[in-house]
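# Understanding the architecture of this molecule
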Amino acid sequence: ETFIKLDGASLRIYKATSMGGPAQGQLVNLPAPFEVKADQIGQVFGLTYDDGADRPEGEPKVPNLYVTSSVLHGLQIVGPDTDDDGHMERLKKGQEDAEFMEGQFGTKNGGTPGAIWKIDGITGEVTLFANVSLDGEENSGPGLGNITFDHRTRQLFVSDLDTGMIHGFNMQGEAQGTFDHGTTGRASKGLAEVAHDASNRMNIKDPSFIADKPETWGFAKLERLVYGLQVRGKRLYYYAAEGHMIMSVGINDDGSFGEASWELDVSSENNHPVTDIAFDNKGHMFLSQRGKLKNPYDYASFAETAVNNVLRYHPESPDDPATPSRWVETPASYAV
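Now for a description of the structure that goes with this document. (Residues numbered from 1 in each chain as written. Predicted model: local features only at pLDDT ≥ 70, side-chain atom pairs only at ≥ 80, totals over all residues. Heavy atoms only, no water.)

## Looking at the overall build of the protein chain
Check the secondary structure of the protein chain and you find two helices and 23 strands. Seen along its three principal axes, the alpha-carbon backbone of the protein chain occupies a region of about 70 × 50 × 40 Å. Out of the 336 residues in the protein chain, the part that is buried amounts to 46%. Contacts in the protein chain between residues far apart in sequence, at least 24 positions, make up 55% of those at least 6 positions apart. As displayed, the protein chain offers around 16,900 Å² of accessible surface, 49% of which is attributable to carbon and sulfur atoms. The protein chain carries 29 positive and 49 negative side-chain charges, and their two centres are separated by 5 Å. (Helix = DSSP H or I, 4+ residues; strand = E, 2+ residues; numbered from the N terminus. Buried < 20%, exposed > 50% of the residue type's maximum accessible area, 1.4 Å probe, protein only. Contact = heavy atoms within 4.5 Å. Areas by Shrake-Rupley, 256 points an atom, 1.4 Å probe, with all protein chains shown as cover. Lys, Arg positive; Asp, Glu negative; His and termini not counted. Charge placed at Lys NZ, Arg CZ, Asp CG, Glu CD.)

If you want it as structure tokens, here you go:
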């Protein structure tokens, strides 16, 4: 009961083709025809689909799913137990012989804490798409924030909770470039630049690492921390933790990063991070918050509950003097 169930599902895809009528807030029982186990991909959070356009001639253009490794569902470490019988013991703090618990990351399939996994939309085959790294250094443990697909430039963008960088990858899993919010993004808002500190890394072999204290896990500095991502038009939108704000950066036709700009300060009664961003076909922006990260020993809850919001905004003319940004809150009630 204290170890990750390796043959338990860490990802489920539900078939929602038959909802039993129009949406009226009713309960719907859906089959789960597809699962991916924890020992294959570890614990994941971010997900996005491509458009299937890169499939070989003659194949149906069915989208593929991409998911990212994460500690947003907890981080567990182990070490050899005191009986020296080959079994592992769950640890509450770092020590010299500590390891990540099996099933935390998809290490047996070549994944690191910065892994992006690809799930084929036709066959269901799970493969390692890429391991995110910076200057040859792999993600030390915090994992990735979120991922999104840009059909215009045929790229995936992913936020790295270890360094605060946003990475671009082509559809072959090859790194295409990085965007640094801590320097370029903050400078566009008139804020002091905060460079990446390569020494600030998670170290589970050090006693200063405390399993139930995420502040000891080596996350990027708050000024650099980036979570949710979403592409709209020729811009990539993202959430910056310091300042509790939404920023965007242009995506040039060749796929490179352009100029960054501030979009809005998030209007919420708390500063919990926005871990997902979505747009509808009317131009509304939806921001989904997730409570403060927790990692209790009893696995009770991995996020602070009952304090989160889903926020909706609509765009307004940038020339309107009544609004400091071009986004205006558009509240709406929704039955859950």
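## Some points on the pattern of salt bridges
This model, assessed by the stated rule, comprises 14 salt bridges. With a shortest N-O distance of 3.1 Å, Asp39 and Lys108 are connected by a salt bridge. Residue Asp39 is located in helix H1 (residues 38–41), and its partner Lys108 is located in the loop between strand E7 (99–100) and strand E8 (115–119); the two are separated by 69 residues in the primary sequence. Here Arg154 ties to Asp51 by a salt bridge, and the two come within 2.8 Å at their closest N and O atoms. (Salt bridge = Lys/Arg side-chain N within 4 Å of Asp/Glu carboxyl O.)

## Concerning the packing of aromatic side chains
Per the counting criterion, the structure on display carries twelve aromatic pairs. Ring geometry for Tyr227 and Tyr239: centres 6.4 Å apart, planes at 45°, overall tilted. Remark: Tyr239 occurs in strand E17 (residues 235–240) and Tyr227 occurs in strand E16 (residues 226–232); sequence separation between them is twelve residues. Residue classification places Tyr239 among the buried positions, given a relative accessible area of 0%. Aromatic pair Phe279 and Trp327: ring centres 6.2 Å apart, planes at 45°, arrangement tilted. Note that Phe279 is positioned in strand E20 (residues 274–279) and Trp327 in strand E23 (residues 327–329), a separation of 48 residues in sequence. Judged by its relative accessible area of 5%, Trp327 falls in the buried class. Three or more aromatic residues joined by ring pairs form one cluster here, namely Phe157, Phe179, Tyr238 and Phe257. (Phe/Tyr/Trp six-rings, centres within 6.5 Å; stacked < 30°, edge-to-face > 60°.)

## What to know about the sheet that holds E16
The four strands lie next to each other as E16-E17-E18-E19, forming an open sheet whose pairing is antiparallel. What marks the edges here is a single partner per strand, and that holds for E16 and strand E19 (257–265). The sheet shows a mean angle of 25° between the axes of neighbouring strands, direction not considered. Pairing between E16 and E17: five bridges, direction antiparallel. (Pairing = 2+ DSSP bridges. Axes fitted to C-alpha atoms, helices over the stretch in contact; angles between N-to-C directions.)

## Here we look at the nonpolar core
Counting 32 residues, the largest nonpolar core has Ile246, Val266, Met285 and Leu287 as the members making the most contacts within it. With three residues, E20 is the single largest residue contributor to this core. If sequence neighbours within four positions are ignored, Val266 has contacts with Tyr239, His244, Met245, Ile246, Val274, Leu287, Leu311 and Tyr313. With 15 residues, the next largest nonpolar core counts Val226, Leu229, Val231 and Leu236 among its residues. (Core = buried A, V, L, I, M, F, W, Y, C linked by side-chain atoms within 4.5 Å.)

## A closer look at the pairing of strand E21 (residues 285–289)
With burial as the criterion, only one face of E21 is covered, namely that bearing Met285, Leu287 and Gln289; the residues Phe286 and Ser288 on the opposite face remain uncovered. As paired elements, E20 and E21 share five bridges and run antiparallel to each other. What sits directly across from Asp276, in E21, is Ser288. In this antiparallel pair of consecutive strands, E20 and E21, the connection spans five residues, and Gly283 shows a positive phi of 90°. Bridge count between E21 and strand E22 (residues 310–315): four bridges; the pairing is antiparallel. Each residue of the ladder has a partner; that of Phe286, found in E22, is Arg312.

## Examining the sheet that holds E22
Taking strand neighbours across the sheet as the criterion, the four strands line up as E20-E21-E22-E23 in an open arrangement whose pairing is antiparallel. Single-partner strands in this sheet number two, and they are E20 and E23. Between one strand axis and the next, the sheet turns through 30° on average, direction left out of account. Of the strand pairs in this sheet, E22 and E23 are connected by three bridges, and their pairing is antiparallel. What sits directly across from His314, in E23, is Val328.

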